[in-house]
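The residues making up each chain are set out below.
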Amino acid sequence: MSKFKDIKKIIVEKPLKLDCGQTINNYPLAYETYGKLNDDRSNAILIFHALTGDQFASGINPITKKDGWWNYALGPGKAIDTDKYFVIAANVIGGCMGSFGPSDINPETKKPYGTNFPVITINDMVNAQYNLLDYFKIEKLFSVIGGSMGGMQVLQFVSNFPDKALTAIPIACTASHSAQNIALNELGRQSIMADRNWQDGFYEEQNKQPDKGLAVARMAAHITYLSKAGLQEKFGRKLQERDDLKFSFDADFQIESYLRYQGSVFVDRFDANSYLYITRAMDYFDLTKKFGGNLSKAFEKSNTKFFIISFTSDWLYPTSENRDIVIALNAIGKNVGFVEISSDKGHDSFLLDVQDFLNTVKNFLNTSYKQIK
Amino acid sequence: MKKEFYNIAKLVTQNSKILDVGCGNGELMKYITENISKDIRGIELSKSNVQKCVEKGLTVIEGNAEKDLKQFPDGTFDFVILSQTLQAFLDPENVLNELLRIGKKAIVSIPNFGHWKVRLHLLLKGTMPVTENLPNEWYNTPNLHMCTIKDFENYCKKRDIKINLKNLRFHNFFSELGIFVLEK
């Protein structure tokens, strides 16, 4: 845990009753902030990260030394302009960038929790992060924003705290994880659990790492983040540093080599148990469950102004699922805008340099901000 | 801004809740937002027009009026505006019913196929009329269901739709456009 010694975190004393029934308290919640909170504390934005993201959304991640995951969207003068807004990003509980997660030491056993860590949900993640509002003494957020699992947290946040966000931008997400989503996550989990180094989740105490299983999980997931057209355009059937097929199982094709690379760099920065726990949380996500299948009821008490964004080539969280959220909001006369952005970059579009998307976010935020000023 | 839009804007009341169906680049919505009511949103099919609305800071829902009006409950809006698109729908009758269901009032404008220029064009040239308001040729026009002001009035009568005629400034022969305020 010492590698997280210098990063910002709060220790949440307030007990949090998890959906699984267990209660946690005095747990760490790692966060990062960008920009400055203004005097009347009205310019704060909480952004939520996706499955493998963390609190280091912009700049250089001090642990991995890699670029922040939302460098295209977040920073001075960018779509989420940190010259203007105060942005808070936290690592979700269950994660592996300093927040309470399965690689933390269990005080009772003095060993990492491993799979003794409680199963957490999107609801638990959001409730944990809500403590940051108290910490920064923010009465009302200007916006809550997130893509993919981050978008699910946006929806959950507005549902749980209907008067705490003026605006909300859920991006490329869903209100209820589909069978296909669950199936793809299960593929990743099975891959990790099939690695003999996984050791039922107690690999750390045996100084082992289920790197192969985690890498395959990442490779499979990575395909779902791209589109067929995007893959074809970038790789086609191009060969990897060779003139012809080698008639072996070596990486003949560039796409194979690319996926292997994606898998190998992922294991350096992500924990296998966190991958299990977070994908589980996504699979358990169904905002309609508590409301008898009626999504509108999840937002009934809220006056938050929504702006929903999907991408044409995203087949993981397709436009139709994003539109269901729009429909649910319109059905109760809530204020909602919706745009489907043209992009062949698949689900990953929200993380990339997709100009129409970035302009859309920027315009929505800036005009909404003008309206409250 | 087009004269038509000023005329439509005069028909909506202060701070009313408005939906602009087929809001285009948001010109009318912007004018209404700035001068009459902030509680306005639009539905638009074209991606480039949706982007133009977003640039103007307007609330817009990308979607197809023919399919997407059903998500709104009855009487959601004080006014629903439909400017010169009724004739382009596959099923204009259904769209009209939806407008009158979700809006307490519907403001509908139509290009008038009974205008004297249109009549003269067909009479003298014997070809499909091409005018300022109907700029396309027969083979590329989006207008599937052209009608005249008189046709529209007859239709409303038949369907028990009330037309607020006081706001109809133009007539069948001399008007290129018909603007109607409808109530069920």
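Quick caveat: nothing in here was measured; it's all calculated off a predicted structure.

**Side note on the overall build of chain A**
Of regular secondary structure, chain A possesses nine helices and 14 strands. Taken over the C-alpha atoms alone, chain A extends approximately 65 × 50 × 40 Å along its principal axes. Look at the contacts in chain A between residues 6 or more apart in sequence, and 69% of them connect residues 24 or more apart.

**Digging into the overall build of chain B**
If you tally the helices and strands in chain B, you get seven helices and seven strands. Written out in order from the N terminus, the α and β elements of chain B read α-β-α-β-α-β-α-β-α-β-α-α-β-β. The C-alpha radius of gyration computed for chain B amounts to 16 Å, which stays within 12% of the reference 16 Å derived for 184 residues, consistent with globular compactness. Counting only C-alpha atoms and orienting by the principal axes, one finds that chain B spans roughly 45 × 35 × 30 Å. Counting across all 184 residues of chain B, residues that qualify as buried make up 38%. The long-range share in chain B, meaning contacts at least 24 apart out of those at least 6 apart in sequence, stands at 60%.

**Overview of the domain arrangement of chain A**
All names here are of chain A. Looking at chain A, the domain boundaries give domain 1 (7-177 + 289-372) and domain 2 (182-279). Centre-to-centre, using C-alpha coordinates, domain 1 lies 26 Å away from domain 2. Opposite the 26 residues of domain 1 that make contact, domain 2 presents 21 residues. The residue makeup of the side of domain 1 that touches domain 2, split by class, is ten nonpolar, twelve polar and four charged.

**A few points about the interface of chain A and chain B**
With 17 residues of chain A in contact, the opposing surface of chain B contributes 14 residues. Elements with a minimum of two residues in the side of chain A that touches chain B: helix H8 (319-330), strand S14 (336-341) and helix H9 (355-372) of chain A. Taken together, the residues of the side of chain A that touches chain B sort by class into seven nonpolar, eight polar and two charged.

**A word on helix H5 (residues 92-102) of chain B**
Taken together, the buried positions of H5 of chain B are occupied by Pro92, Val95, Leu96, Glu98, Leu99, Leu100 and Ile102 of chain B. On its buried face, H5 of chain B sits against strand S1 (18-21), helix H4 (65-68), strand S4 (77-83), strand S5 (103-111) and strand S7 (177-183) of chain B.

**As for the nonpolar core**
One finds Ile45, Ile80 and Val87 of chain A together with Val80 of chain B to be the most contacted residues of the largest nonpolar core, which totals 148 residues. The two domains that each donate at least three residues to this core are domain 1 (7-177 + 289-372) and domain 2 (182-279) of chain A. Other than its neighbours up to four places away in sequence, Val80 of chain B contacts Leu19, Val21, Leu99, Ile102, Gly103 and Ala106 of chain B.

**A short note on the pairing of strand S11 (residues 141-147) of chain A**
Residue and element names in this part refer to chain A. The element S11 is extensively covered by neighbouring structure, given that seven of its seven residues are classed as buried. Bridging between strand S5 (residues 44-48) and S11 involves four bridges; their strand directions are parallel. Opposite Ile47, over in S11, you have Ile145 as the bridge partner. As judged from the six bridges shared by S11 and strand S12 (residues 165-171), these two strands associate in the parallel manner. Pairing of Ile145 across the sheet is with Ile169, part of S12. The parallel pair S11 and S12 is bridged by helix H2 (residues 149-160), and the resulting crossover is right-handed.

**Some details on the packing of helix H3 (residues 179-194) of chain A against helix H7 (residues 272-284) of chain A**
Residues and elements named next belong to chain A. Their axes nearest at 10 Å, the elements H3 and H7 cross at an angle of 160°. As far as their axial angle goes, H7 and H3 are roughly antiparallel. Between H3 and H7 the crossing geometry is left-handed. Of the residues in H7, those in contact with Ile182, Asn185, Gly188, Arg189 and Ile192 of H3 are Ala272, Tyr275, Leu276, Thr279, Met282 and Asp283. Residues that form the contact of H3 with H7 fall into these classes: six nonpolar, three polar and two charged.

**Considering H7 of chain A**
Residue and element names in this part refer to chain A. The end-to-end C-alpha distance of H7, which contains 13 residues, comes to 19 Å, matching closely the 18 Å that a straight helix rising 1.5 Å per residue would cover. The buried count for H7 comes to ten of 13 residues, which makes it a mostly enclosed element. Contacts made by the buried residues of H7 are with helix H1 (122-135), H2, H3 and helix H4 (211-225).

**What about the confidence of the model for chain B?**
A low pLDDT means the predicted coordinates there should not be read in detail. With 96% of its residues at a pLDDT of 70 or more, chain B shows a mean pLDDT of 91. Taken over the whole predicted complex, pTM reads 0.93, whereas the ipTM for its chain interfaces reads 0.87.

**Examining unusual backbone geometry**
Residue and element names in this part refer to chain A. Residue Ala172 is not a glycine yet carries a positive backbone phi of 45°. On the basis of neighbour count, Ala172 is assigned to the buried category, with 29 C-beta atoms found within 10 Å. Non-glycine residue Glu241 carries a positive phi angle of around 45°.

Definitions and limits used
Residues numbered from 1 in each chain as written. Chains lettered and ligands numbered in written order. Predicted model: local features only at pLDDT ≥ 70, side-chain atom pairs only at ≥ 80, totals over all residues. Helix = DSSP H or I, 4+ residues; strand = E, 2+ residues; numbered from the N terminus. Contact = placed C-beta atoms within 7 Å. Rg over C-alpha atoms; globule rule 2.2 N^0.38 Å. Buried ≥ 20, exposed ≤ 12 C-beta atoms within 10 Å, placed from the backbone. Domains from an automatic or database assignment. Nonpolar A, V, L, I, M, F, W, Y, C, P; charged D, E, K, R; others polar. Core = buried A, V, L, I, M, F, W, Y, C linked by C-beta atoms within 7 Å. Pairing = 2+ DSSP bridges. Right-handed = clockwise from strand over helix to strand, strands pointing away. Axes fitted to C-alpha atoms, helices over the stretch in contact; angles between N-to-C directions. Parallel < 35°, antiparallel > 145°, perpendicular 65-115°, else oblique. Left-handed = near helix turned anticlockwise from the far one by under 90°. Expected span 1.5 Å × (residues − 1). pLDDT = per-residue confidence, 0-100.

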